[in-house]
Amino acid sequence: MVQIVALLCVFGLGTCMALLGSISVKLMPRLKIDQGKFGALVSTFMLACLAASMIVGIIIDVVGYKPVAVSGFILSGLCTFWIARGRTYASVLVPCVLLGFGAIALNTASATLLPAVLFRGENPAAALNLVTVFFGLGVLLTPLIVSFLFQKVSYEKAVSVVALILLAPFVLAILATYPAGEAGFVVTDAFALLRARCPEARLLIAGDGKERDALEEQAARLGLGASAAFLGWVVPEEVPALMNQATAVVMPSCYREPFGLVAVQDVHRDHLVGTV
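Residues numbered from 1 in each chain as written. Predicted model: local features only at pLDDT ≥ 70, side-chain atom pairs only at ≥ 80, totals over all residues. Heavy atoms only, no water.

For the side chain of Arg30, give the residues involved together with the corresponding values.
With respect to the element layout, Arg30 can be found in helix 1 (residues 2-31). There is a polar contact of 2.8 Å between the side chain of Arg30 and the side chain of Glu156. Apart from the residues lying within four places of it in its own chain, the contact partners of Arg30 are Ala84, Arg85, Gly86, Arg87, Tyr155 and Glu156. (Helix = DSSP H or I, 4+ residues; strand = E, 2+ residues; numbered from the N terminus. Polar contact = N/O pair within 3.5 Å; in protein donor to acceptor, adjacent residues only side chain to side chain. Contact = heavy atoms within 4.5 Å.)

Which residues make up the packing of aromatic side chains, and what values do they have?
Applying the stated criterion to the full structure yields 1 aromatic pair. Relative to Tyr155, the ring of Phe150 has its centre 6.2 Å away and its plane inclined at 25 degrees; by these criteria the two rings are stacked. In this structure, Lys37 is placed above the aromatic ring of Tyr89, and the distance from its NZ or CZ to the ring centre is 4.5 Å. (Phe/Tyr/Trp six-rings, centres within 6.5 Å; stacked < 30°, edge-to-face > 60°. Lys NZ or Arg CZ within 6 Å of the ring centre and 35° of its normal.)

Describe the packing of helix 1 against helix 5 (residues 89-117), naming the residues involved and giving the relevant values.
It is at 7 Å that the axes of helix 1 and helix 5 come closest, and there the two elements cross at 155 degrees. As far as their axial angle goes, helix 5 and helix 1 are roughly antiparallel. Where helix 1 crosses over helix 5, the handedness of that crossing is left-handed. Contact with helix 1, carried on its side by Val2, Gln3, Ala6, Leu7, Cys9, Val10, Gly12, Leu13, Cys16, Leu19, Leu20 and Leu31, involves Tyr89, Val92, Cys96, Leu99, Ala103, Leu106, Asn107, Ala109, Ser110, Leu113, Leu114 and Val117 of helix 5 and no other residues of that element. Its residues assigned to classes, the contact of helix 1 with helix 5 comprises 20 nonpolar, 4 polar and no charged. (Axes fitted to C-alpha atoms, helices over the stretch in contact; angles between N-to-C directions. Parallel < 35°, antiparallel > 145°, perpendicular 65-115°, else oblique. Left-handed = near helix turned anticlockwise from the far one by under 90°. Nonpolar A, V, L, I, M, F, W, Y, C, P; charged D, E, K, R; others polar.)

Give a description of the state of the cysteines that names residues and reports values.
Overall, the coordinates contain 0 disulfides when judged by the stated rule. Free of any disulfide, Cys96 has its nearest cysteine sulfur in Cys79, 8.5 Å distant. (Disulfide = S-S within 2.5 Å.)

Describe empty space enclosed by the protein, listing the residues and the values that go with them.
If a probe the size of a water molecule is rolled over the atoms, the empty space left behind becomes visible. Using the criterion set out here, one finds 1 cavity of 30 Å³ or more in the structure. Lining of the largest cavity is provided by Phe11, Thr15, Thr142, Ile145, Val162 and Ile165. At the level of secondary structure, the elements contributing two or more residues to the lining of the largest cavity comprise helix 1, helix 6 (124-152) and helix 7 (155-167). Here the residues of the lining of the largest cavity are counted per class, giving 4 nonpolar, 2 polar and no charged. (1 Å grid on protein atoms, 1.4 Å probe; cavity = no way out; pocket = protein on both sides within 12 Å on 5 of 7 lines; lining within 4 Å. Points joined across faces, edges and corners; volume = space filled by probe spheres on them.)

How would you summarise the pairing of strand 1 (residues 203-206) if you had to cite specific residues and measurements?
Only one face of strand 1 is covered, namely the one carrying Leu203 and Ile205; the face carrying Leu204 and Ala206 has none of its residues buried. Examined bridge by bridge, strand 1 and strand 2 (residues 228-232) share 4 bridges and lie parallel to one another. By the bridge assignment, Leu203 is partnered in strand 2 with Ala228. (Buried < 20%, exposed > 50% of the residue type's maximum accessible area, 1.4 Å probe, protein only. Pairing = 2+ DSSP bridges.)

Please provide a residue-by-residue account of the pattern of salt bridges, values included.
According to the stated counting rule, one finds 2 salt bridges in the structure shown. A salt bridge links Arg30 to Glu156; the nearest nitrogen and oxygen atoms lie 2.8 Å apart. Remark: Glu156 occurs in helix 7 and Arg30 occurs in helix 1; sequence separation between them is 126 residues. Residues Glu156 and Arg87 are paired through a salt bridge, measuring 3.2 Å at the closest nitrogen-oxygen approach. Of this pair, Glu156 sits in helix 7 while Arg87 sits in the loop between helix 4 (65-85) and helix 5; the two residues are 69 residues apart in sequence, bridging distant segments of the chain. Relative accessible area serves as the criterion here: at 22%, Glu156 is assigned to the partly exposed category. (Salt bridge = Lys/Arg side-chain N within 4 Å of Asp/Glu carboxyl O.)

Describe a nonpolar patch on the surface, listing the residues and the values that go with them.
Together, Leu47, Leu50, Met54, Ile55, Ile58, Ile59, Val62 and Val63 give the surface a local cluster of nonpolar side chains, amounting to about 740 Å² of exposed area. Contributing elements (two or more residues each) for the nonpolar patch: helix 2 (35-53) and helix 3 (56-63). Element by element, the count of residues in the nonpolar patch is highest for helix 3, at 4 residues. As for its position among the elements, Met54 is in the loop between helix 2 and helix 3. (Patch = residues over 30% accessible without salt bridge, like charges linked within 9 Å, V, L, I, M, F, W, Y side chains within 5 Å. Areas by Shrake-Rupley, 256 points an atom, 1.4 Å probe, with all protein chains shown as cover.)

Could you give me a rundown of the nonpolar core, with the residues and numbers involved?
Core analysis: the largest hydrophobic core is formed by 56 residues, its most contacted members being Ile23, Leu27 and Tyr178. Of all the secondary-structure elements, those providing two or more residues to this core are helix 1, helix 2, helix 3, helix 4, helix 5, helix 6 and helix 7. The greatest single-element share of this core, amounting to 14 residues, is contributed by helix 1. Filtering out sequence-adjacent residues up to four positions away, Leu27 remains in contact with Leu20, Phe38, Leu41 and Tyr155. Counting 8 residues, the second-largest nonpolar core is a separate cluster that includes Ala201, Ile205, Ala219 and Ala228. (Core = buried A, V, L, I, M, F, W, Y, C linked by side-chain atoms within 4.5 Å.)

An account of helix 1 is needed here, citing residue identities and associated values.
Along helix 1, the helix axis deviates most sharply at Ser24, where the bend reaches about 70 degrees. Directly beyond the C-terminal end of helix 1, a positive phi value near 60 degrees is found at Lys32. (Bend = angle between axes of the 7 residues up to and from the residue.)

See below:
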């Protein structure tokens with residue numbers, strides 16, 4: 001079921017991206033706005049997407065896939081209902097902002113889930129191809145559905161149908177079973193092997209999150225003792241100094257992130273950058 005949820009996340013993202021353009025023919029006269037104001041509305045949505053992209057990735061690493069996927073469906077669906085009821089420019093600004101956050105929640109959930117759950121996690125390239133297909137379906141079908149509904153029912157009812165399409169998958173998202181991140185445990189296992197050959201080696205683990213307690217227990221079971229130090233949250237200003245102390249910097253992603261900023265931060269320091 002989690003595979004279906006991930007694909008519906010991508011489809012929902014495409015729907016969110018196509019929504020405003022699809023309903024513009026009736027939204028603009030309803031709100032009594034010109035193309036300039038409509039463009040500002042679209043820009044508001046896109047700026048919200050940009051802001052959300054900076055924080056949702058961090059959130060999913062802390063709370064896991066499920067809350068982000070569920071909130072993405074609920075937020076995008078409810079905001080679309082809100083837009084369907086709005087009658088003034090000011091009344092649709094807030095739902096457009098929140099719709100941006102819902103869209104990026106769906107994007108982050110799908111981008112991190114699909115490579116792990118499709119094809120048993122063995123073919124991420126094929127999984128990403130499906131991402132493109134289902135995103136395209138969302139973008140393609142949304143204006144077709146809206147155009148058809150506009151000929152049959154009122155604006156409010158037509159947009160409400162799109163809202164239901166976005167909202168309905170949250171039930172599956174709640175019921176699905178999601179994979180757990182395990183990269184941190186691989187790091188401790190690898191370090192235990194290194195320490196057997198190099199007893200003076202030390203492992204410094206920076207950061208915090210829901211897996212910390214389990215990771216500390218794993219380190220204790222491996223007998224790492226004082227050679228493994230858990231530093232907790234490190235403020236960004238102190239990260240460069242910490243990297244300068246290291247012989248090797250390891251980037252153990254808890255999910256299949258599309259691009260690792262840690263590697264970029266360290267690559268110019270002439271350190272070995274390992275990705276587990």
